[in-house]
Amino acid sequence: MLALFQVGANAQHICPVIPQPSASTEVPAFFKLNKSTAIVVDDESLLPAARYLQKQLLSQNKIALAIQAKAKSPHIRLSLSKKAGAESYQLEMNAREIHISGAGNQAVFYGVISLLQLTSSAKSSQDNLLVQCWNIEDRPAYSWRGLMLDESRHFFGADKVKFILNWMAFYKLNRFHWHLTDEPAWRIEIKSYPRLALVGGIGSYTNPYAPAQFYTQEQVAEIVQYAAERHITVIPEIDMPGHATAANNAYPQFSGGGSEKHPEFTFHPGKESTYSYLTDILREVNALFPAGMLHLGGDEVSFGNDKWLADPDVKSLMARKRLKTVQEVEQYFMQRMADSVYAMNAKLLAWDEVAGMNLPKKETIVFWWRHDKPQQLQTTLDKGYQTVLCPRIPFYFDFVQDSTHSLGRKWNKAYSGLQDVYDFKAANLPGVNSSNQKQILGVQANVWTETIADNYRLDYMLYPRIAALAETAWSSNDKKSYTSFAQNLKQHFLLYNNERINYFNPFKK
Ligand code: ACM
């Protein structure tokens, strides 16, 4: 009997928070949360975090709390501490008090999120929510915890984007990379070139005749604000010089032509007017997104630059600038546009095709995506670039997540399973070592949407892999355990059910 009791008392429970915190201890007590529990804010700067807690407790647990400067226990207290790190927080709980502290609003916000995860699985008794107490000390492994959504292939709209931003916040993801332009359509209003949205917004990957769908500048501002309230930075991608088909449908005078498979695929690198046109567009985009980061794509230009070498303006450019190859023309183009970005005091972000260029290190972030080209990662790191890791396997979420799935991509037989996302370790990549590891800002999943035409399927490809992404991005390797994660994740499936999310359940075969 005694032995049994001891086993019970010593049993180490898993902290039911995704991503798993840096340190956590279960406290043998429950906090009884009810409508007379006040949220106490020690410093006015923490009001946004307090309001978020208030709003989410109301929507998630149907409990409406008041925010006060002072209140008797039991209460939830938010306070500033001298803790290092803008994202590090401490959550201390006992039956009398829940205390969240950190260096600022963002840090305390993440403490609030952990508390919301604990309340999300708490049981109710009469009018009380019985929240198991935990003491948590937490900080992220990576500063870049990203998710990219391609809305050119298919348009999902503001409500779905906000829904995703909510879940990103719940998982402490903090960068939303918005792929707004590509071959099928252009999805952002540009006031100085209205046809980009009105004409370029027509069509999708599956229906070239779909009526124009795009975000107005007002909607963009609203989404950027919504994301900011959740400490998520929104980064727009305006892809160039390739993947420009939709833009070229709207303004054919700036087209550099395409190929048989990818008609009108590129912007024209040999015309001066192209550079001022694109710079004007980027000025508007930069003004809409306070991130101070513009992603210019730069990928797969060879899919459709067949016409460049025969074009008189490109030939003349090559002669004037002594450019010998089509790749040098591409790099010239990217350099010109990069200079425009830097002149706006913004950072240039681009796919790993730019790794070979000599761009300023502090102002440039390179996204390694070609998992079959580890030398691109090597070059990126050797050149000293800040790097985001998003190799197709396991971070392309348009890849299937189970060997039995047929709709979606595979790479030979390889795909992006939940555990592959979970088990990803930067240190295992060729070329990554202790001296260049600090250049790695973090990881990102990319949801390309050729095979994702509606919200139902978007959910299926995103959930639950988004949770594994979060733990890979936030939790240190020594805290990770797939078995523990799977146990927590099964609880989150109940939350997914509540929100009618059409997730894939890898545990039910
Ligand atoms: C990409 O997948 N073309 C970045």
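Residues numbered from 1 in each chain as written. Predicted model: local features only at pLDDT ≥ 70, side-chain atom pairs only at ≥ 80, totals over all residues. Heavy atoms only, no water.

## Side note on the overall build of the protein
Applied cut-off: Every helix listed is a DSSP run of H or I at least four residues long, and every strand listed is a run of E at least two residues long, numbered separately from the N terminus. Put simply, the radius of gyration uses C-alpha atoms, and a globule should come to 2.2 Å times the residue count raised to 0.38. Residue burial is assigned from relative accessible area. The probe radius is 1.4 Å, only protein chains are included, and a residue is buried under 20% of its type maximum, exposed over 50%, and partly exposed in between.
Summing up its helical and strand segments, the protein has 16 helices and 18 strands in all. Computed over C-alpha atoms, the radius of gyration of the protein comes to 24 Å, within 12% of the 23 Å expected from 2.2 N^0.38 for 509 residues, which places it in the range of a compact globule. For the protein, the spread of C-alpha atoms along the principal axes amounts to about 85 × 45 × 45 Å. With 509 residues in all, the protein has 58% of them scored as buried.

## Looking at the pattern of salt bridges
Where charged atoms from two side chains of opposite charge come close, those side chains can pair. The following threshold applies: When a carboxyl oxygen of Asp or Glu lies within 4 Å of a side-chain nitrogen of Lys or Arg, that pair is called a salt bridge.
As enumerated under the stated definition, the model contains 17 salt bridges in all. Taking the shortest distance from any N to any O, the salt bridge between Asp-42 and Arg-77 comes out at 2.6 Å. Of the two residues, Asp-42 sits in the loop between strand E2 (38-41) and helix H2 (47-61) while Arg-77 sits in strand E4 (residues 75-80), which places them 35 residues apart along the sequence. For Asp-42, a relative accessible area of 41% puts it in the partly exposed group. Salt-bridge contacts for Arg-153 lead to Asp-182; the nearest nitrogen and oxygen are separated by 3.3 Å. Linking Arg-153 in the loop between strand E9 (144-150) and helix H4 (158-170) with Asp-182 in the loop between strand E10 (175-179) and helix H5 (195-198), this pair joins segments that are 29 residues apart in sequence. Residues Arg-153 and Asp-182 agree in their burial class; the two are buried. In this structure, a network of salt bridges that share partners links the residues Asp-150, Arg-153, Asp-182 and Glu-450.

## Quick look at helix H15 (residues 465-474)
For H15, the buried fraction is high: 10 of the 10 residues fall into the buried class. Those residues of H15 that sit buried are Arg-465, Ile-466, Ala-467, Ala-468, Leu-469, Ala-470, Glu-471, Thr-472, Ala-473 and Trp-474.

## So, the domain arrangement of the protein
When the parts of a complex come together, some accessible area is lost, and that lost area is often used as the size of the interface. Here is the rule we go by: The split of the chain into domains comes from an automatic or database domain assignment. The criterion used for residue contact is that any of the two residues' heavy atoms lie within 4.5 Å. Accessible area that two parts lose when put together, with a 1.4 Å probe and added across both, is what the buried area reports. Pairs of N or O atoms within 3.5 Å make up the polar contacts considered here, provided that, within protein, one atom can donate a hydrogen while the other can accept it, and that residues adjacent in sequence are counted only when both atoms are side-chain atoms.
Domain annotation for the protein reports domain 1 (23-138) and domain 2 (144-483). Just the C-alpha atoms count here: the centres of domain 1 and domain 2 sit 36 Å apart. If you look at the interface, domain 1 gives 15 residues, while domain 2 gives 11 residues. Carbon and sulfur atoms make up 52% of the area that domain 1 and domain 2 hide from each other, which totals about 1,200 Å². Applying the counting rule to domain 1 against domain 2 returns one salt bridge. Note that Arg-145 and Glu-87 form a salt bridge whose closest N and O atoms lie 3.0 Å from each other. Taken together, the links from domain 1 to domain 2 amount to seven residue pairs in polar contact (both at pLDDT 80 or more). Within the residue set of the side of domain 1 that touches domain 2, elements represented by two or more residues are H2 and helix H3 (105-120).

## Side note on the pairing of strand E15 (residues 347-351)
On any regular strand, side chains alternate: one points to one face of the sheet, the next to the other face. To be explicit about the condition: Note: two strands are recorded as paired if DSSP finds a minimum of 2 bridges between them.
Most of E15 is tucked away, with four of its five residues classed as buried. Here E15 pairs with strand E16 (residues 364-368) via four bridges, running parallel. Within the sheet, the bridge partner assigned to Trp-351 lies in E16 and is Phe-367.

## Observations regarding the side chain of Lys-480
Here is the rule we go by: We treat Lys and Arg as the positive residues and Asp and Glu as the negative residues; His and chain ends play no part in the count.
One can find Lys-480 in the loop between H15 and helix H16 (482-498). Buried and unpaired, Lys-480 has no salt bridge, with Asp-423 as the nearest side chain of opposite charge at 6.0 Å. One polar contact links Lys-480 to Thr-472, side chain to side chain, over a distance of 3.1 Å. The contact partners of Lys-480, leaving out residues within four places of it in the chain, are Tyr-422, Phe-424, Glu-471, Thr-472 and Ser-475.

## Focus: the environment of Gln-439
Mapped onto the fold, Gln-439 is located in the loop between helix H13 (418-423) and strand E18 (440-447). Separated by 61 residues in sequence, Gln-439 and Gln-378 place their C-alpha atoms 12 Å apart. Contact partners of Gln-439, with chain neighbours within four places excluded, come to Thr-380, Leu-381, Gly-384, Tyr-385, Gln-386 and Thr-387.

## Some words on the packing of helix H8 (residues 272-288) against helix H10 (residues 326-343)
What counts here: Geometry is summarised by axes, namely lines fitted to C-alpha atoms with helices restricted to the contacting stretch, and by angles between N-to-C directions that run from 0 to 180 degrees. In this scheme, roughly parallel covers angles under 35 degrees and roughly antiparallel covers those over 145, while 65 to 115 is roughly perpendicular and the rest are oblique. Left-handed describes a crossing whose near helix is turned anticlockwise from the far helix by less than a right angle; the clockwise case is right-handed. Polar here means any residue other than Ala, Val, Leu, Ile, Met, Phe, Trp, Tyr, Cys and Pro, which are nonpolar, and Asp, Glu, Lys and Arg, which are charged; Gly is therefore polar.
One way to put it is that H8 packs onto H10 with a least axis distance of 10 Å and a crossing angle of 40 degrees. Considering the angle they form, H8 stands oblique to H10. Once H8 is placed against H10, the crossing between them reads as right-handed. Contact with H8, carried on its side by Glu-272, Thr-274, Tyr-275, Leu-278, Thr-279 and Leu-282, involves Tyr-332, Phe-333, Arg-336, Met-337, Ser-340 and Val-341 of H10 and no other residues of that element. Grouping the amino acids of the contact of H8 with H10 by side-chain chemistry returns seven nonpolar, three polar and two charged.

## Observations concerning the environment of Pro-236
Tracing the backbone shows Pro-236 in strand E11 (residues 233-240). When the C-alpha positions of Pro-236 and Leu-296 are compared, they lie 8.6 Å apart, and in sequence the two are 60 residues distant. With residues up to four places along the chain from it excluded, the contact list for Pro-236 reads Trp-178, Leu-180, Val-285, Phe-289, Met-293, Leu-294 and His-295.

## Structural notes on the packing of aromatic side chains
Remark: the centre distance and the inter-plane angle together describe each pair of aromatic rings, the angle taken between the planes. Inclusion rule: Note on aromatic pairs: the rings of Phe, Tyr and Trp (six-membered ring only in Trp) are paired at centre separations within 6.5 Å, and the planes decide the class, stacked below 30 degrees, edge-to-face beyond 60, tilted for the rest. Over a ring means this: the NZ of a Lys or the CZ of an Arg is within 6 Å of the ring centre and within 35 degrees of the ring normal.
Within this structure, the stated rule accounts for 36 aromatic pairs. With a centroid separation of 6.1 Å and an interplanar angle of 40 degrees, the aromatic rings of Tyr-482 and Phe-485 are classed as tilted. Here the residue Tyr-482 and the residue Phe-485 both occupy positions in helix H16, the gap between them amounting to three residues, near one helical turn. There is no split in this pair, since Tyr-482 and Phe-485 are both buried. Residues Phe-493 and Tyr-496 carry aromatic rings whose centres are separated by 5.8 Å and whose planes lie at 40 degrees to one another, so their mutual orientation is tilted. Of this pair, Phe-493 and Tyr-496 both sit in helix H16, three residues apart, which is roughly one turn of the helix. As far as the burial class goes, Phe-493 and Tyr-496 line up, both buried. Connected via pairs of aromatic rings, a cluster forms that spans Trp-167, Phe-170, Tyr-171, Tyr-463, Phe-493, Tyr-496, Tyr-503 and Phe-507. Above the face of the Tyr-275 ring, Arg-336 is positioned so that its terminal group lies 4.1 Å from the ring centre. The ring centre of Tyr-422 lies 4.6 Å from the NZ or CZ of Lys-480, which sits over that ring.

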